[in-house]
Amino acid sequence: MKVKSLVVALLLSIIPALASAHDYTQDNLKIDHPWSRPTPPGTPTGVGYLTITNIGEAPITLIGAQTPRAGHVSIHESSMSDGVMSMKPLKQGLVIPAGETVELKPHSYHLMLEKLPEPLHEGERIPLTLKFRGAETVQVELTVEPLDYGVMKKEMDHSGHQME
Ligand SMILES: [Cu+2]
């Protein structure tokens, strides 16, 4: 009996993640639509975007991420200065204040998938582990969307990244 109810409890905890694979809720945070873009052969870096909502009462900080598809993942912030897009790593992590939503998206905060051993392919689902201060580690999947997904053409190349 005991084992049975444990199994049921485990299944119940897994099913919501499967039922809506693109929307993850865990304790004090909610993660929406993690996605990425295909990369041309030989490109060392890719991107990761997602929306994080802090549904708790205390601040949460995204402090790191890992994926088997990249040698290293950094948290970056892009900014425009004198018409030039540049980006810098957020060494202290990315803070999501209580009750707020932070979007990792083109031309803003993003995850940088570095040292790609092979290109990211459209349609692929990339496992990603997100580490937080103030929240449990979360497992999500980045869906590799088409290159022109949701943005204007000029935003496509993310060119600052190719120089790293
Ligand atoms: Cu970057």
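Residues numbered from 1 in each chain as written. Predicted model: local features only at pLDDT ≥ 70, side-chain atom pairs only at ≥ 80, totals over all residues. Heavy atoms only, no water.

## Points about the overall build of the protein chain
Phase 1: Check the secondary structure of the protein chain and you find one helix and 11 strands.
Phase 2: In the protein chain, the succession of helices and strands from N to C terminus is α-β-β-β-β-β-β-β-β-β-β-β.
Phase 3: Expressed as a percentage of its 164 residues, the buried residues of the protein chain come to 41%.
Phase 4: Nonlocal contacts in the protein chain, meaning residues at least 24 apart in sequence, comprise 69% of its contacts between residues at least 6 apart.
Phase 5: By element, 58% of the accessible surface of the protein chain is carried by carbon and sulfur atoms, the whole surface being about 9400 Å². (Helix = DSSP H or I, 4+ residues; strand = E, 2+ residues; numbered from the N terminus. Buried < 20%, exposed > 50% of the residue type's maximum accessible area, 1.4 Å probe, protein only. Contact = heavy atoms within 4.5 Å. Areas by Shrake-Rupley, 256 points an atom, 1.4 Å probe, with all protein chains shown as cover.)

## What to know about the packing of aromatic side chains
Phase 1: Under the criterion given, the structure shown has two aromatic pairs.
Phase 2: Three or more aromatic residues link up through ring pairs in this structure, and these residues are W35, Y49 and Y149. (Phe/Tyr/Trp six-rings, centres within 6.5 Å; stacked < 30°, edge-to-face > 60°.)

## Looking at the confidence of the model for the protein chain
Phase 1: On average, residues of the protein chain score 86 in pLDDT, and 78% of them reach the 70 mark or higher.
Phase 2: Across residues 15-20 the pLDDT falls below 50, and counting only partners more than four positions away or on other chains, this stretch makes zero contacts in the model. (pLDDT = per-residue confidence, 0-100.)

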